[in-house]
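Each chain is listed here by its residues.
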Amino acid sequence: MIKSTSLALLPEEAANRQTITLYLAKQLGISVQDISAFHIRKRSIDARSRQVKVRLECDVYIGEQLPLNLTHERKFKNIGNAKPVHIVGCGPAGLFAALQLIEAGFKPIIIERGKDVKSRRRDLAAINKQGIVNPDSNYCFGEGGAGTYSDGKLYTRSGKRENIDRILQTFVQFGAHSDILVDAHPHIGTNKLPGIISAIREQIIQCGGEIHFETRLTGIKNDSSGVNGIYITSTKEISEAVFISCQSLILATGHSARDVFELLVKENILIEAKSFALGLRIEHPQSLIDKIQYHSEQRSEFLPPSAYSLVHQSGDKGVYSFCMCPGGIIAPAATAPGEIVVNGWSPSKRNNPFANSGIVVSVDESDFQPYIKSGPLSALHYQSAIEQLAFQKGKGNLQAPAQRMIDFVNKKSSTNLPPASYIPGLQSVQLDEVLPAAVTIALREGLVAFGKKMKGYYTNDAVLVGVESRTSSPVRIPRDKETLMHSEVNGLFPCAEGAGYAGGIVSAAIDGERVADSIVRYRNNQ
């Protein structure tokens, strides 16, 4: 017999399986001896009251054994001689599309402008230590996509539990800790994710799929019948474009592939400007966030570093926290020289002394109006102009413009800045000289409101670092809701975050699988 129940325990109780067993027996009105095993399905932290609790949803096994394997392992076949499907982008969407295609009997061929995860590390070191940005290998471009070296958060607001569980179980199959199947806000960590991505790549190649690194998409050939080929160019050396025949193409390039968006416009393939969010990254001491959220001077050793989620409406502008990183680091996420973009990440243990989060404001067509002549690239050019201005204010070498929080709200220059995790360094700047007026007005109001919601959050010990601008794609590539194919080009399948249909690792992976399924139907009906 299996019975399901839930418990709310003190952190130290929830960390002890013997104690959990005692509470389960009491909850179910049975003896401890009756419980042969239990399985925790979900674990979350409830800090709404001063007594922080850990909530557990459990399956209790009475008189029968726990199954040896509670996860489903995917089975992959050899598809070396199967029909090919080309994928541009080796992020979560591209990788999970490839796995799905292999299961369906198709051969994925991935084109990736960046390098494999191991080789990317040298380029990330050059960004952090020397301020040198390789436009094809950075925090956004390369094997695994932007998430590989910018945190590995697996939380999604998608309501399709079955799809989410499938993605999480796949990560576990390739080396992630099984805790991600349990935790309400699962997280792998930047130090762990590269090895998992490498294992997925090895599986794809072992099955007969192909991955071509340091290879950029430079052209799409299509006619009235649809896509019939692509042009690719090596990023390792100067060379002529090579033509490859293909009947179906997944565009899974991520939100920062500006040259691909420009290519689509050049090829007269319909894309649209899309709203996104723009703002700053804020950093507090992690100990302060723990104190606020856990209502205690010192965090219990049985509790993880605390996170937060904040939202405020300022007129027609939404202000909200984004990609919150407990025990994390602010990273330089530019994809080209002459721009400043910041992001955040955490290692698996989340054991750095700072907590950072994007604090961003929704922007739309009214904000892009000065760039209206750019048509579908108006939001992109608006985004780019702000990033270039941030670079100028930072005075080069990827130093980021920054200001203390209360100084920013009071329009006061910061004579000095607190210690921060951003390795290239900070320049004290009045940030309203970087961000548009509508954004700074909403940010100031939002930060004051957040200080009222979290007592102690509003402090000049917190530093604001600019700019957080790559929250989502500034374009949408339109596609049919049923076939997921481009609304005007047969065989072209816009996918995930870069196309405007996902936001984060899990949702991108889910969209990659959905698009792969659609391609299978499309190709089988040809």
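Here the structure is shown first, and the text comes after it.
This write-up is about the structure you can find in this document.

About the cut-offs
Within every chain, residues take consecutive numbers counted from 1 along the sequence as written. A pLDDT threshold of at least 70 governs which residues receive local features in this predicted model, and a stricter bar of 80 or more applies before side-chain atom pairs are shown or counted, although totals over entire chains, interfaces and linings include all residues. Derived side-chain values reflect all non-hydrogen atoms in the structure, with water molecules and hydrogen atoms excluded from consideration. Secondary structure elements are defined from DSSP: runs of H or I of at least 4 residues count as helices, runs of E of at least 2 residues count as strands, and each element is numbered from the N terminus. Atoms counted for the radius of gyration: C-alpha only. Globule rule: 2.2 Å times residue count to the power 0.38. Relative accessibility decides the category of a residue: with a 1.4 Å probe and only protein chains considered, values under 20% of the type maximum give buried, values over 50% give exposed, and everything between is partly exposed. The contact criterion used throughout is that any non-hydrogen atoms of two residues lie within 4.5 Å. Per-residue and other accessible areas were derived by the Shrake-Rupley procedure at a 1.4 Å probe size, with only the shown protein chains allowed to occlude residues. Counting rule for charge: Lys and Arg are taken as positive, Asp and Glu as negative, and neither His nor the chain ends is counted. For this purpose, a charge sits on NZ of Lys, CZ of Arg, CG of Asp or CD of Glu. Polar contact is the term for a pair of N or O atoms within 3.5 Å; when the atoms are in protein, one must be able to donate a hydrogen and the other to accept it, and sequence-neighboring residues count only if both atoms are side-chain atoms. Aromatic rings from Phe, Tyr and Trp, with only the six-membered ring used for Trp, were paired whenever their centres fell within 6.5 Å, and each pair was classed as stacked if the ring planes differed by under 30 degrees, edge-to-face if by over 60, and tilted otherwise. Distance and angle both matter: a charge sits over a ring if NZ of Lys or CZ of Arg is within 6 Å of the ring centre and within 35 degrees of the ring normal. Only when DSSP finds a minimum of two bridges between them are two strands counted as paired. To define axes, lines are fitted to C-alpha atoms, for helices over the stretch in contact only, and angles between the resulting N-to-C directions are given on a 0 to 180 degree scale. Cysteine sulfur atoms that come within 2.5 Å of each other are treated as a disulfide pair. Here the expected length of a helix is defined as 1.5 Å per residue gap, with one fewer gap than residues. If you view the pair so one helix is near and one far, a crossing is left-handed when the near helix is turned anticlockwise from the far one by less than a right angle, and right-handed when it is turned clockwise. Three residue categories are used. Nonpolar comprises Ala, Val, Leu, Ile, Met, Phe, Trp, Tyr, Cys and Pro, charged comprises Asp, Glu, Lys and Arg, and polar comprises the others, including Gly. The salt bridge definition used is simple: a Lys or Arg side-chain nitrogen within 4 Å of an Asp or Glu carboxyl oxygen.

Describing the overall build of the protein chain
And then number 1: Check the secondary structure of the protein chain and you find 14 helices and 22 strands.
And then number 2: Taking 2.2 N^0.38 as the reference for a compact globule, 526 residues should give roughly 24 Å; the C-alpha atoms of the protein chain span a radius of gyration of 24 Å, in line with that estimate.
And then number 3: By its C-alpha atoms, the protein chain is 70 × 60 × 40 Å across when sized along the principal axes.
And then number 4: Each of the 526 residues in the protein chain was classed as buried or not, and the buried ones make up 56%.
And then number 5: Across the protein chain, contacts joining residues at least 24 apart in sequence account for 70% of those joining residues at least 6 apart.
And then number 6: Surface summary for the protein chain: the accessible area is close to 22,400 Å², and the carbon and sulfur share equals 49%.
And then number 7: Treating the 58 positive side-chain charges of the protein chain as one cloud and the 52 negative ones as another, the clouds have centres 3 Å apart.

What to know about the environment of Thr148
And then number 1: Residue position: Thr148 is located in the loop between helix H4 (117–130) and helix H5 (161–173).
And then number 2: Separated by 46 residues in the primary sequence, Thr148 and Pro194 place their C-alpha atoms 6.0 Å from one another.
And then number 3: A polar atom in the side chain of Thr148 sits 2.9 Å from the backbone oxygen of Gly144.

Some points on the environment of Gln388
And then number 1: You can see Gln388 is positioned in helix H10 (residues 378–394).
And then number 2: Sequence spacing of Gln388 and Thr21 is 367 residues, and the spatial spacing of their C-alpha atoms is 57 Å.

Focus on the side chain of Thr215
And then number 1: For Thr215, the location among the structural elements is in strand S7 (residues 215–223).
And then number 2: Excluding residues within four positions of it along the chain, Thr215 makes contact with Ile111, Glu112, Arg113, Ile232, Thr233 and Thr235.

Regarding the packing of aromatic side chains
Given two aromatic rings, their pairing is described by the distance between the two centres and the angle made by the two planes.
And then number 1: Within the structure shown, the criterion is met by 10 aromatic pairs.
And then number 2: With a centroid separation of 6.3 Å and 65° between ring planes, the pair formed by Phe276 and Tyr382 is classed as edge-to-face. Of this pair, Phe276 sits in strand S12 (residues 276–285) while Tyr382 sits in helix H10, placing them 106 residues apart in sequence.
And then number 3: Given the relative accessible area of 5%, Phe276 is considered buried.
And then number 4: Overall, the relative accessible area of 6% leaves Tyr382 in the buried class.
And then number 5: Ring centres of Phe368 and Tyr382 lie 5.5 Å apart, and the angle between their planes is 55°; this geometry places the pair in the tilted category. Taken together, the positions of Phe368 in helix H9 (residues 365–368) and Tyr382 in helix H10 put the pair 14 residues apart, joining distant regions of the chain.
And then number 6: The ring of Phe408 has Arg444 lying over it, and the distance from NZ or CZ to the ring centre is 4.7 Å.

Quick notes on the side chain of Asp290
And then number 1: Topologically, Asp290 is positioned in helix H8 (residues 286–294).
And then number 2: Residue classification places Asp290 among the buried residues on the basis of a relative accessible area of 5%.

Details of H8
And then number 1: When H8 is considered as a whole, its buried residues turn out to be Gln286, Ile289, Asp290, Ile292, Gln293 and Tyr294.
And then number 2: At the C-terminal side of H8, His295 shows a positive phi close to 55°.

With respect to the pairing of strand S14 (residues 317–325)
And then number 1: Sheet topology places strand S13 (residues 311–314) next to S14; 4 bridges connect them, and they run antiparallel. Across the sheet, residue Ser314 finds its bridge partner in S14, namely Lys317.
And then number 2: Note: S14 against strand S17 (residues 354–363), 5 bridges, orientation antiparallel. Bridge pairing in S17 links Tyr320 to Val360.

Comments concerning the sheet that holds strand S8 (residues 226–234)
And then number 1: Pairing in this open sheet of 3 strands is antiparallel, and the strands run S7-S8-S9 from one edge to the other. Either end of the sheet is taken by a strand with one partner, and the two such strands are S7 and strand S9 (242–245). Each strand of the sheet is rotated relative to its neighbour by a mean of 30°, with strand direction disregarded.

Notes on the sheet that holds strand S3 (residues 53–62)
In sheet architecture, strand pairing relies on hydrogen bonds along the backbone and comes in two forms, parallel and antiparallel.
And then number 1: As summarised here, the arrangement of the 3 strands in space is S1-S3-S2, forming an open sheet in which the pairing is antiparallel. The open sheet terminates on both sides in strands that have one partner only, identified here as strand S1 (2–9) and strand S2 (35–46). The mean inter-strand angle of the sheet, taken between neighbouring strand axes irrespective of direction, is 20°.
And then number 2: As paired elements, S2 and S3 share 10 bridges and run antiparallel to each other. Bridging across to S3, Phe38 finds its partner in Val60.
And then number 3: Lying on the sheet, helix H2 (residues 17–28) is in contact with S1, S2 and S3; it crosses S1 at an angle near 115°.

Structural notes on the state of the cysteines
And then number 1: If you walk through the whole model with that rule in mind, you get 0 disulfides.
And then number 2: Cys246 takes part in no disulfide bond, and the closest cysteine sulfur, belonging to Cys495, lies 15 Å away.

Some remarks on H5
An α-helix turns once per 3.6 residues; consequently, residues spaced three or four apart project the same way.
And then number 1: With 13 residues, H5 ought to run about 18 Å at 1.5 Å a step, and its terminal C-alpha atoms sit 18 Å apart, in line with that.
And then number 2: Buried-residue contacts for H5 involve helix H3 (92–104), helix H6 (193–206) and helix H14 (505–524).
And then number 3: With its phi angle positive at about 125°, Gly175 sits one or two positions after the end of H5.

A closer look at the packing of H3 against H6
And then number 1: Viewed as axis vectors pointing N to C, H3 and H6 meet at an angle of 35°, and their least axial separation amounts to 10 Å. Relative to H6, H3 is oriented so that their crossing is left-handed. Listed contacts from H6 to Leu95, Phe96, Ala98, Leu99 and Ile102 of H3 are Ile197, Ile200, Gln203 and Ile204.
And then number 2: Looking at side-chain class alone, the contact of H3 with H6 contains 8 nonpolar, 1 polar and no charged residues.

A closer look at the pattern of salt bridges
And then number 1: Evaluation of the coordinates by the stated rule reveals 29 salt bridges.
And then number 2: Among the ionic pairs, Lys107 bridges to Glu210, the shortest N-O distance being 2.9 Å. Of this pair, Lys107 sits in strand S5 (residues 107–111) while Glu210 sits in strand S6 (residues 210–212), placing them 103 residues apart in sequence.
And then number 3: For Lys107, a relative accessible area of 12% puts it in the buried group.
And then number 4: On the basis of relative accessible area, Glu210 is assigned to the partly exposed category, the value being 26%.
And then number 5: The salt bridge involving Lys115 is made with Asp123; its shortest N-O contact spans 3.0 Å. Comparing Lys115 with Asp123, the two get one shared label, buried.
And then number 6: Connected via shared salt-bridge partners are Arg74, Glu103, Arg166 and Glu513.

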